[in-house]
Amino acid sequence: MVLGDAVVAEKLVKRFVTKKRTGLLRSYSEVVEALRGVSLNVGAGEVVGLLGPNGAGKTTTIKILSTLLLPDSGYASIYGYDVVREASEVRKLIGIMLTVEKGFYGRLTGRENLVYFGSLYGMERRELERRVDHLLDLVGLKELGGADRLYEEYSLGMKARLALARALLKDPPVLLLDEPTLGLDPPSARKIRSLVREMASKEGKSVLYTSHNMFEVELVCDRVILINKGVIVAEGTPERLKSMLPDVRAIEVYSKQPPGSLAEEVAKLGLEVREQNQVQEGLYVLKILARRPDEVVGDIMKIAVSRGIDIVRMKVEEPTLEDVFIYFTERGVRDREVH
Amino acid sequence: MLEIGKFTSLVRAEMRLVYAYFFRRKSLVVMYLAWPYISTAFMLVFGYSVGSPKFFAERVGVEAPLFLVVGSYLLFSIMAIVDDIMWRPIFDENSGVLPYVLSSPTSVVLHYVSIPIPRFTLSVALGAAALLPVSIVYKGFEGLLVSLAVIALSILSAAVFIPLATALGLGLYVTGGENWRAISFLRPLLLVLIGVYYPRWLMSLPLYILSSLLPPAHCVEVVQRVLVGMVEVQLVTVPLVLATALGILYSPGMLRVSAMWELKKLREGVKV
């Protein structure tokens, strides 16, 4: 194993030219800038989440790193091997999972599919059969009775498990997984997540993991990279990213009486009142935005007492990764932070 | 040595894939067995309605049913090559398999050479089951020998055709994009030019020259000469040497076109 970063991308640029038809004989070319100088790295044994809205450039990045797409400019490598010039070496080091719902031959069983792809990877027959058997067990397909069932009869969860098994087939040090849990039922999604985590922590595999699921990314990834419109807009651990948000928190005040008068007085203190008169569990909820919640909680309590409003509980909402995602993708400004 | 090992492993994998598809669809087995008879029956019904079998035998030198069954068998075997090579990139792309094929360390050329072999072996074996009875009925023991010669020549036809079929198939995809129209365009053209149903020695000069560029056409010519009893050494060896030489000649073209196709895919981005 080579030391250093497992995955490196430097200033990757990719433009796609598409022809748009406007009539029978008329058409024009449209240039879509998929990547505009993307740089990232994944360390050995690290799980890095690549987050971004649709069309942000996640799949394009994964495809370039998988040697399935040539960049227009920039450089990318897997353990030092250039993905363009040394593609055949790179292909020995990566396991890829690009879609969950297809990518196998429907008339073959899960086991036969894995043996087929193992042969393409040049694996020796006995080793391949042993490895396939182990992987079918590892991803839980044996337990689900799917090992020797035709792929076309698989559920989406089984398809995802088989796709992960294929990515692990040649025991590669680097996994490139594009939305591996998209559309899966909770048990299958959980299985995939736990396997990915296990591969990184126990076997030292490096994983680049794209997803839309913030909860999942927070669970699985050591570090998160936010990409939007082909540009990386933020990067860091989930905690670090949350701390990069503007220091505004929401205070939720639950009361027995309607909080109208409390809202008026609080607004006079210069605080922003978001929602009022929402009822949850028989209580009225007032949402107040404050820069330093600790300093204003006492004032809110005093006003409530003076207005005869019984406060049952107060809660300060912590920002979620989803808030970070929305903040950075809507802001569209590059704000790179190294953890 | 390593490449040979890789290649046999690939062929084995392709055999598993093709045989699984084949034997899990009983209708395909029936179709493979019946195809030479169905096409022969169709042509005989059509031929007898517009001409006479006696005239066919006099002009071509062999009875129409035997000639057509052998022709259908040859065509079925040769077309297995064209169809597999042209159909697989489209099928693999639609089923989402292509990214995993292209991102494997196996070379595209090695993969594409291995692709038609399993289906070809099937069409040879099952087609022989259709060919043997008819040959024996018409020619007795000589028919058995003729059948074995035809099978051997169909194997050679396929082997020498792989480089050109790959170059043509992937070349069409490079220039015109991937769609079924390319296959629809190429199939009938090859059907005529290979001379399976219309012997090459009866073709006009321009067609004959064009036909000469196709390696299997020479093998088919030998088969037809065997059928009509024209088995002089020179008449048999020259076309076979020509077919082999053309197969070798087209190999660099196959390598180049395969590389161009892969490059095109990588520039556009392999569809997921």
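On a predicted model such as this, the values are computed, not experimentally measured, just so you know.

Trainee: Just to check I follow, could you spell out the overall build of chain B for this structure?
Mentor: Helix and strand counts for chain B come out as 12 helices and zero strands. Moving toward the C terminus, one meets the helices and strands of chain B in the order α-α-α-α-α-α-α-α-α-α-α-α. Here the C-alpha radius of gyration of chain B, 19 Å, is about what a compact globule of 272 residues would show, namely 19 Å. With respect to the principal axes defined by its C-alpha atoms, chain B has extents near 60 × 40 × 40 Å. Each of the 272 residues in chain B was classed as buried or not, and the buried ones make up 52%. Across chain B, every contact between residues at least 6 apart in sequence was considered, and the portion connecting residues at least 24 apart equals 79%. For chain B, the distance from the average site of its 20 positive side-chain charges to the average site of its 14 negative ones is 5 Å.

Trainee: Quick question: what am I supposed to make of the packing of aromatic side chains here?
Mentor: When we look at a pair of aromatic rings, we describe it by the centre distance and by the angle of the planes. In this structure the tally under the stated criterion is 14 aromatic pairs over all chains. Ring centres 5.7 Å apart and planes at 90 degrees place the aromatic pair Phe104(A) and Phe117(A) in the edge-to-face group. With a gap of 13 residues between them, Phe104(A) in the loop between strand E6 (94–97) and helix H3 (110–120) and Phe117(A) in helix H3 connect regions that are remote in the sequence. Of the two residues, Phe104(A) and Phe117(A), neither departs from the other in class, the shared state being buried. Between Tyr327(A) and Phe328(A), the ring centres sit 5.1 Å apart and the planes meet at 80 degrees, which makes this aromatic pair edge-to-face. By relative accessible area, which is 23% here, Tyr327(A) ends up partly exposed. Connected via pairs of aromatic rings, a cluster forms that spans Phe104(A), Tyr105(A), Tyr116(A), Phe117(A), Tyr151(A), Tyr154(A), Tyr21(B), Trp87(B), Phe91(B) and Tyr100(B). One cation-aromatic arrangement involves Arg166(A) over Phe117(A); the distance from NZ or CZ to the ring centre is 4.6 Å.

Trainee: Is there a simple way to explain the sheet that holds strand E5 (residues 81–82) of chain A in this structure?
Mentor: The strands making up a sheet are joined through hydrogen bonds of the backbone, oriented either antiparallel or parallel. Residues and elements named next belong to chain A. Sheet architecture is open: four strands sit in the order E2-E1-E4-E5, paired in antiparallel fashion. Two strands lie at the open edges of the sheet, namely strand E2 (27–42) and E5, each paired on one side alone. Relative to strand E4 (residues 73–78), strand E1 (residues 7–21) runs antiparallel, the two being bridged by five bridges. Bridging from a neighbouring strand, alanine 9 pairs with alanine 76 of E4. Each of E1, E2 and E4 is contacted by helix H1 (residues 58–65), which is oriented at about 115 degrees to E1, the strand it contacts most.

Trainee: Any chance you could explain the pattern of salt bridges here in plain terms?
Mentor: If the charged atoms of two oppositely charged side chains come close together, the side chains can form a pair. All names here are of chain A. With the rule as written, the count across this model stands at 34 salt bridges over all chains. The salt bridge involving arginine 131 is made with aspartate 171; its shortest N-O contact spans 3.7 Å. Taken together, the positions of arginine 131 in helix H4 (residues 125–138) and aspartate 171 in the loop between helix H5 (156–168) and strand E7 (174–178) put the pair 40 residues apart, joining distant regions of the chain. Taking the relative accessible area as the measure of exposure, aspartate 171 reaches 40% and is therefore partly exposed.

Trainee: Even after reading the chapter, I still don't get helix H11 (residues 215–228) of chain B, so can you show me in this structure?
Mentor: Residues that lie three or four places apart on an α-helix share one face, since the helix turns once every 3.6 residues. Residues and elements named next belong to chain B. Its 14 residues give H11 an end-to-end C-alpha distance of 21 Å, which sits within 8% of 20 Å, the value for a rise of 1.5 Å per residue. With respect to burial, H11 is a largely interior element, 13 of its 14 residues being buried. Glycine 229 sits one or two positions beyond H11 and adopts a positive phi of about 85 degrees.

Trainee: Sorry if this is basic, but what is going on with the packing of helix H4 (residues 64–94) of chain B against H11(B) here?
Mentor: When two helices pack together, their arrangement is given by the angle between their axes and by how far apart the axes lie. Residue and element names in this part refer to chain B. At a closest axis distance of 11 Å, the pairing of H4 and H11 adopts a crossing angle of 160 degrees. By the angle between their directions, the pair H4 and H11 is classed as roughly antiparallel. With respect to the hand of their crossing, H4 and H11 are arranged in right-handed fashion. Residues Leu66, Phe67, Val70, Leu74 and Ile78 of H4 lie in contact with H11, whose contacting residues are Pro216, Val220, Val223, Gln224 and Leu227.

Trainee: I tried to follow the interface of chain B and chain A on my own but got confused; where do I start?
Mentor: Much of the literature gives interface size as the accessible area that the parts lose upon coming together. Across the contact, 38 residues belong to chain B and 32 residues belong to chain A. Of the roughly 3,100 Å² buried between chain B and chain A, counting both surfaces, carbon and sulfur atoms make up 61%. When the buried area of chain B at its contact with chain A is split by residue, Arg24(B), Tyr100(B) and Val272(B) rank highest and sum to 24% of it. The interface formed by chain B and chain A includes two salt bridges. Here Arg24(B) makes a salt bridge to Glu112(A), at a shortest N to O gap of 2.9 Å.

Trainee: Honestly, the pairing of E2(A) in this entry has me stumped. Any pointers?
Mentor: Looking along a regular strand, one sees the side chains alternate between the two faces of the sheet. All names here are of chain A. Two elements, E1 and E2, share 13 bridges in a ladder whose sense is antiparallel. Looking across to E2, one finds that valine 7 is bridged to valine 42. Hairpin connection between E1 and E2: a loop of five residues separates the two successive antiparallel strands.

Trainee: Would you mind showing me how to read the confidence of the model for chain A here?
Mentor: Low pLDDT means the predicted atomic positions in that stretch should not be read closely. The pLDDT averaged across chain A works out to 89; a share of 96% of its residues lies at or above 70. Overall, residues 333–339 of chain A carries pLDDT values under 50, and its contacts beyond four positions in sequence, including any with other chains, amount to 22 contacts.

Trainee: Just to check I follow, could you spell out the side chain of Lys170(A) for this structure?
Mentor: Residues and elements named next belong to chain A. Residue placement: lysine 170 occurs in the loop between H5 and E7. For the buried residue lysine 170, which engages in no salt bridge, the nearest side chain bearing the opposite charge is aspartate 171, 11 Å off. Separated by 3.2 Å, the side chain of lysine 170 and the backbone oxygen of arginine 91 make a polar contact. Among the polar contacts listed, one links the side chain of lysine 170 to the backbone oxygen of isoleucine 94, at a separation of 2.9 Å. If near-sequence neighbours (up to four positions away) are discounted, lysine 170 is found in contact with Arg91, Lys92, Ile94, Tyr121 and Met123.

Trainee: Looking at this model, I keep getting lost on the side chain of Glu216(A). Mind explaining?
Mentor: You can see Glu216(A) is positioned in helix H7 (residues 214–220). Engagement of the side chain of Glu216(A) in a polar contact is seen with the side chain of Thr181(A), the distance being 2.5 Å.

Trainee: How should I be thinking about the sheet that holds E7(A) in this particular structure?
Mentor: All names here are of chain A. Strand order in the open sheet made by the six strands is E6-E7-E8-E3-E9-E10, with mixed pairing throughout. The two strands at the open ends of the sheet, each matched to only one other strand, are E6 and strand E10 (231–236). Adjacent strand axes in the sheet meet at a mean angle of 15 degrees when their direction is disregarded. Bridge count between strand E9 (residues 223–228) and E10: five bridges; the pairing is antiparallel. Looking at the pairing, isoleucine 225 lines up with glutamate 235 of E10. Sitting on the sheet, H5 is in contact with E6 and E7, with an inclination near 165 degrees to E6.

Thresholds applied
Residues numbered from 1 in each chain as written. Chains lettered and ligands numbered in written order. Predicted model: local features only at pLDDT ≥ 70, side-chain atom pairs only at ≥ 80, totals over all residues. Heavy atoms only, no water. Helix = DSSP H or I, 4+ residues; strand = E, 2+ residues; numbered from the N terminus. Rg over C-alpha atoms; globule rule 2.2 N^0.38 Å. Buried < 20%, exposed > 50% of the residue type's maximum accessible area, 1.4 Å probe, protein only. Contact = heavy atoms within 4.5 Å. Lys, Arg positive; Asp, Glu negative; His and termini not counted. Charge placed at Lys NZ, Arg CZ, Asp CG, Glu CD. Phe/Tyr/Trp six-rings, centres within 6.5 Å; stacked < 30°, edge-to-face > 60°. Lys NZ or Arg CZ within 6 Å of the ring centre and 35° of its normal. Pairing = 2+ DSSP bridges. Axes fitted to C-alpha atoms, helices over the stretch in contact; angles between N-to-C directions. Salt bridge = Lys/Arg side-chain N within 4 Å of Asp/Glu carboxyl O. Expected span 1.5 Å × (residues − 1). Parallel < 35°, antiparallel > 145°, perpendicular 65-115°, else oblique. Left-handed = near helix turned anticlockwise from the far one by under 90°. Buried area = accessible area lost by both parts, 1.4 Å probe. pLDDT = per-residue confidence, 0-100. Polar contact = N/O pair within 3.5 Å; in protein donor to acceptor, adjacent residues only side chain to side chain.

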